[in-house]
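Reading the structure
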Amino acid sequence: MTRFAAIASAFAIPGEFVSVSPTGSGHINDTYRIAFAAAGQPAHYILQRINHHIFTDTAALMQNIQRVTSHLAIKLAGEPDSQRRTLSVIPTRDSLAHHVDPLGNYWRVYRFIENARTFDIVASPAQAYEAARAFGHFQCLLADLAAPRLHDTIPGFHNTPKRFAQLQQSIAADVANRAHLARQEIDFALAREAFTSVLLDAQLPERATHNDTKLNNVLLDDRTGEGICVIDLDTVMPGLAPCDFGDMVRSATSPAAEDAQDLARVTMEFPMFEALARGYLASANEFITPTERSHLVAAARLIALEQGLRFLADYLAGDPYYKTHRPSQNLDRCRTQFKLVASIEQQEDAMQRLVESL
Ligand code: ADP
Ligand code: GN1
Ligand code: MG
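What you are looking at is a predicted structure, and each value in this text was computed from that prediction instead of being measured.

As for the overall build of the protein
The number of helices and strands found in the protein is 10 helices and 11 strands. Over its C-alpha trace the protein gives a radius of gyration of 20 Å, about what one expects of a compact globule, namely 21 Å for 358 residues. Its C-alpha atoms give the protein principal-axis dimensions of roughly 60 × 50 × 40 Å. By the burial criterion, 54% of the 358 residues in the protein qualify as buried. Contacts in the protein between residues far apart in sequence, at least 24 positions, make up 73% of those at least 6 positions apart. A total of about 15,400 Å² of accessible surface is found on the protein, and carbon and sulfur atoms cover 52% of it. Here the protein carries 33 positive and 41 negative side-chain charges, and the mean point of each set is 2 Å from the other.

A short note on the nonpolar core
Within the largest apolar cluster, 99 residues are counted, with the highest numbers of intra-cluster contacts made by F245, V249, F273, Y280, L312, L316 and F338. Examining the composition of this core, we find that 14 residues originate from one element, helix α9 (residues 296-316), more than from any other. Residue assignment places this core across two domains, with domain 1 (2-114) and domain 2 (125-357) each supplying three or more. Not counting residues up to four positions away in its chain, the partners in contact with L316 are L167, S170, I171, D174, V175, A176, R178, A179, A182 and I186.

Structural notes on the site of ligand 1
In the vicinity of ligand 1, 16 residues are found, and the nearest of them are Q48, I113, T118, N217 and D232. The separation between a nitrogen atom of ligand 1 and a polar main-chain atom of I113 is 2.9 Å. Notes on ligand 1: free accessible area 550 Å², of which the protein chains cover 93%. Of the residues that constitute the shell around ligand 1, the class distribution is 5 nonpolar, 9 polar and 2 charged. Here the shell around ligand 1 spans two domains, and each of domain 1 (2-114) and domain 2 (125-357) adds at least three residues to it.

Looking at the pattern of salt bridges
Close approach of charged atoms allows side chains with opposite charge to pair. Considering all chains together, one arrives at 23 salt bridges under this definition. We note a salt bridge from R149 to D152, for which the minimum N-O separation is 3.0 Å. Residue D152 is classed as partly exposed on the basis of its relative accessible area of 34%. Given a relative accessible area of 46%, R149 falls into the partly exposed group.

Quick look at the site of ligand 2
As a matter of local geometry, ligand 2 sits amid 17 residues, with H27, K214, E258, Q307 and Y321 nearest to it. Between ligand 2 and the protein, one listed contact pairs an oxygen atom with a side-chain N or O atom of R310 at 2.8 Å. When ligand 2 is considered free in solution it has 440 Å² of accessible area, and contact with the protein chains removes 97% of it. Of the residues forming the shell around ligand 2, the biggest block, 3 residues, is contributed by α9. Here the shell around ligand 2 is composed, by residue class, of 6 nonpolar, 5 polar and 6 charged. Here the shell around ligand 2 gathers at least three residues from each of two domains, domain 1 (2-114) and domain 2 (125-357).

Focus: the domain arrangement of the protein
The assigned domain composition of the protein is domain 1 (2-114) and domain 2 (125-357). The C-alpha centroid of domain 2 is placed 26 Å from the C-alpha centroid of domain 1. Across the contact, 28 residues belong to domain 1 and 35 residues belong to domain 2. Between domain 1 and domain 2, the buried area comes to about 2,700 Å², and carbon and sulfur atoms account for 58% of it.

Overview of the coordination of the magnesium ion (ligand 3)
Note on metal geometry: ideal angles are 109.5 degrees for four donors arranged tetrahedrally and 90 or 180 degrees for six donors arranged octahedrally. At this site the magnesium ion (ligand 3) is bound by N217 (OD1) and D232 (OD), with donor distances of 2.2 Å. Residue N217 is located in the loop between β8 (207-209) and β9 (218-221), and its partner D232 is located in the loop between β10 (227-230) and β11 (237-239); the two are separated by 15 residues in the primary sequence. Here N217 falls in the buried class, since its relative accessible area comes to 4%.

Overview of the sheet that holds β9
Across the sheet, which stays open at both edges, the 3 strands sit in the order β7-β9-β10 with antiparallel pairing between neighbours. The open sheet has two edge strands with one neighbour each: β7 (116-117) and β10. Relative to β10, β9 runs antiparallel, the two being bridged by 3 bridges. Residue L220 lies in a different strand from β10, and its bridge partner there is G227.

A look at the state of the cysteines
The final tally for this structure, using the stated rule, is 0 disulfides. C140 takes part in no disulfide bond, and the closest cysteine sulfur to it belongs to C229, at a distance of 16 Å.

Reading the values: the criteria
Residues numbered from 1 in each chain as written. Chains lettered and ligands numbered in written order. Predicted model: local features only at pLDDT ≥ 70, side-chain atom pairs only at ≥ 80, totals over all residues. Heavy atoms only, no water. Helix = DSSP H or I, 4+ residues; strand = E, 2+ residues; numbered from the N terminus. Rg over C-alpha atoms; globule rule 2.2 N^0.38 Å. Buried < 20%, exposed > 50% of the residue type's maximum accessible area, 1.4 Å probe, protein only. Contact = heavy atoms within 4.5 Å. Areas by Shrake-Rupley, 256 points an atom, 1.4 Å probe, with all protein chains shown as cover. Lys, Arg positive; Asp, Glu negative; His and termini not counted. Charge placed at Lys NZ, Arg CZ, Asp CG, Glu CD. Core = buried A, V, L, I, M, F, W, Y, C linked by side-chain atoms within 4.5 Å. Domains from an automatic or database assignment. Near = heavy atom within 4 Å. Polar contact = N/O pair within 3.5 Å; in protein donor to acceptor, adjacent residues only side chain to side chain. Nonpolar A, V, L, I, M, F, W, Y, C, P; charged D, E, K, R; others polar. Salt bridge = Lys/Arg side-chain N within 4 Å of Asp/Glu carboxyl O. Buried area = accessible area lost by both parts, 1.4 Å probe. Donors = N, O, S within 2.8 Å, 3.2 Å for Na, K, Ca; no water. Pairing = 2+ DSSP bridges. Disulfide = S-S within 2.5 Å.

This is the structure:
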């Protein structure tokens, strides 16, 4: 039996293992599409190796995901195509949420959602609208999640002042001897320290939020383009609603890749922003407060800045966190984020006026 067949056989999947292929472009976990055949019928599943260096409490992580997906399944039960509207965990044959292999790797399996796909780069305002509507709907469905509070799978995840302090430590330590290659980016970051606390200072309500709402974490239906299912639930935990909106703006308004080396194409395109704001508010209007709404634009600027700080800190530390395929990739990623911050700063007033008009 191959390694993947052995791992997959730990899960309560009917039939015989057929094949495995890597999928997705996430920076943290390893994701595979696997095929099984039961009674001659092929069926697909998602097999994921959880990065347990980053998600150190795997039991708490999976408990969050099970609570959230069960809640969503109940709330979506009456809808057409309801099985495709939420992730569902396939347990192990021992009824556990994840499996630890003999090498100490952590694995989980989800039902595969067919006829839908994710996009790394936004293709149209219609797509931005659908993605944002889906993420807003996700927050809305979680608004009545019963107590207790979800676990913090990564404490301080969107605590930007803490991310800023971590960057300062990376600059001071300069363990990879790269600080001299990133002088401009370091200066750009340091000049924005005062802004990093804008959301923490605003006394926003804590909610169950997604916290990683980049465009490629929502599946869009192949036929209709509808934002059908929010995925990548590792960071679903207590958070601030505007952070989720901010990460959509960061990841779905620029026509360039997150690691583009040609910065000329990196801009915050206003029509994409407008579509995101309309899509998000179409679902979030049901629950967001005026203070949350008035902080959506600040959150866009903040989350792009925070992501740049994180990529820069990782670059300076020698790339321990994000997967990289070339030595300066994290610096390239940082540069696109800071270019986006600058673009948002130029358009902030118009963005704010638009949100107020909706
Ligand atoms: P990562 O944490 O590495 O970003 P994701 O959970 O986002 O991993 O999954 C990576 C990719 O795998 C997604 O972008 C999507 O294309 C695909 N994918 C994940 N889960 C499913 C699913 N249940 N059905 C279909 N495709 C999926
Ligand atoms: C990581 O797992 P993935 O690729 O969806 C990261 C996010 C970043 C994103 C930047 C757990 O997300 O916080 O915004 O990369 N996830 C974690 O692309 O750190
Ligand atoms: Mg992902």
